[in-house]
Amino acid sequence: MHRHQAAINEEATTLVVECADRAFRRAFLEFRLKSLGLSEGEYYVLKVFGGAAWLARPVEFPDRYKILVEDILWACEEFPSINRIILKNHHKCLFYQHKVADSKFDTELARRDVPVAYRNLRPLVPERINIEMYYARIINTQGEVDFEKIFSRQEDEPPKINGVPGPTASPLLLAKG
């Protein structure tokens with residue numbers, strides 16, 4: 001038998017949506033603890049292969065989009081202490097390379113999808129929740145990772161894609177069975 005300590009009576013304030021890619025596991029943990037200043041028990045993590053891709057591509061991945069949105073909305077309702085959502089994508093994501101049709105020759109697509117994920121998620125979550133977006137990139141052969149902050153609701157609108165705002169999610173996509 002193994003015994004470990006549970007986080008009792010701690011209220012999480014942050015929900016993190018990130019890719020499950022093992023190559024970024026350590027960097028994502030260090031980012032949460034050191035850069036975001038979160039401690040264990042202050043956050044929940046939803047790890048899915050592709051990270052924010054599911055939110056950015058509701059037409060391409062309707063079932064995955066629906067599942068992730070339902071999980072996020074459930075967490076926001078079940079845990080009213082959540083006031084912040086962190087969306088993360090990363091460079092050279094295997095999900096993008098193998099599942100997203102237009103990413104074969106576009107290594108920056110995962111980065112450009114993060115603001116699209118924001119635009120799709122923002123109208124669905126309570127206004128009290130701040131959404132922040134980050135993009136992680138391995139910068140050298142030693143495996144060091146830089147995290148670029150793309151947007152936070154406290155700032156202006158998220159960056160436009162090719163000069164125009166990204167698409168927003170249709171409520172019908174969430175309602176589809």
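Summary of the structure given here. On a predicted model such as this, the values are computed, not experimentally measured, just so you know. (Residues numbered from 1 in each chain as written. Predicted model: local features only at pLDDT ≥ 70, side-chain atom pairs only at ≥ 80, totals over all residues. Heavy atoms only, no water.)

1. Comments concerning helix H3 (residues 62-78)
Keep this limit in mind: Each helix corresponds to a stretch of at least 4 residues labelled H or I by DSSP, and each strand to a stretch of at least 2 residues labelled E; elements are numbered beginning at the N terminus. In this analysis, the expected span of each helix is defined as 1.5 Å times one less than the number of residues it contains. For every residue, the accessible area obtained with a 1.4 Å probe (protein chains only) is divided by the maximum for its type, and the residue is called buried under 20%, exposed over 50%, and partly exposed between those limits. The directions from the helix axis to the C-beta atoms are what the arc is built from.
With 17 residues, H3 ought to run about 24 Å at 1.5 Å a step, and its terminal C-alpha atoms sit 24 Å apart, in line with that. Among the residues of H3, those classed as buried are Tyr 65, Leu 68, Val 69, Ile 72, Ala 75 and Cys 76. When H3 is viewed along its axis, its buried side chains cluster within an angular range of 125° and face the same direction. Exposed side chains of H3 directed beyond 90 degrees from the buried face belong to Asp 63 and Glu 77.

2. Some points on the environment of Val 45
As a reminder of what qualifies: Contact between two residues is taken to exist if any of their heavy atoms lie within 4.5 Å; hydrogens are not considered.
Secondary-structure assignment places Val 45 in strand E2 (residues 43-47). Between the C-alpha atom of Val 45 and that of Ile 86, which follows or precedes it by 41 residues, the distance is 9.3 Å. Val 45 has contacts with Val 16, Glu 18 and Arg 32, leaving out every residue within four places of it along the chain.

3. With respect to the nonpolar core
Formally: Working definition of a nonpolar core: buried Ala, Val, Leu, Ile, Met, Phe, Trp, Tyr and Cys residues. They are joined through side-chain atoms within 4.5 Å.
Formed by 42 residues in total, the largest nonpolar core has its most connected members in Leu 55, Leu 68, Ile 72, Ile 85, Leu 87 and Leu 121. Among the elements that take part in this core, helix H5 (residues 109-121) stands out by supplying seven residues, more than any other. Beyond its immediate chain neighbours, meaning those up to four positions away, Leu 121 contacts Leu 55, Ile 72, Ile 85, Leu 87 and Ile 131.

4. Looking at the pattern of salt bridges
Quick note on the threshold: For this document, the term salt bridge refers to a Lys or Arg side-chain nitrogen within 4 Å of an Asp or Glu carboxyl oxygen.
Across all of its chains, the model carries nine salt bridges by this definition. Of the charged contacts in the structure, one is a salt bridge between Glu 70 and Lys 66, with a shortest N-O distance of 3.3 Å. Of this pair, Glu 70 and Lys 66 both sit in helix H3, separated by four residues, roughly a single helical turn. Owing to a relative accessible area of 38%, Glu 70 belongs among the partly exposed residues under this scheme. With relative accessibility at 22%, the residue Lys 66 sits in the partly exposed group. For Glu 148, the salt bridge goes to Arg 111, with nearest N and O atoms at 2.4 Å. Residue Glu 148 is found in strand E5 (residues 145-152), and its partner Arg 111 is found in helix H5; the two are separated by 37 residues along the sequence. Residue classification places Glu 148 among the partly exposed positions, given a relative accessible area of 31%.

Everything listed is a geometric property; what it means functionally is a separate question.
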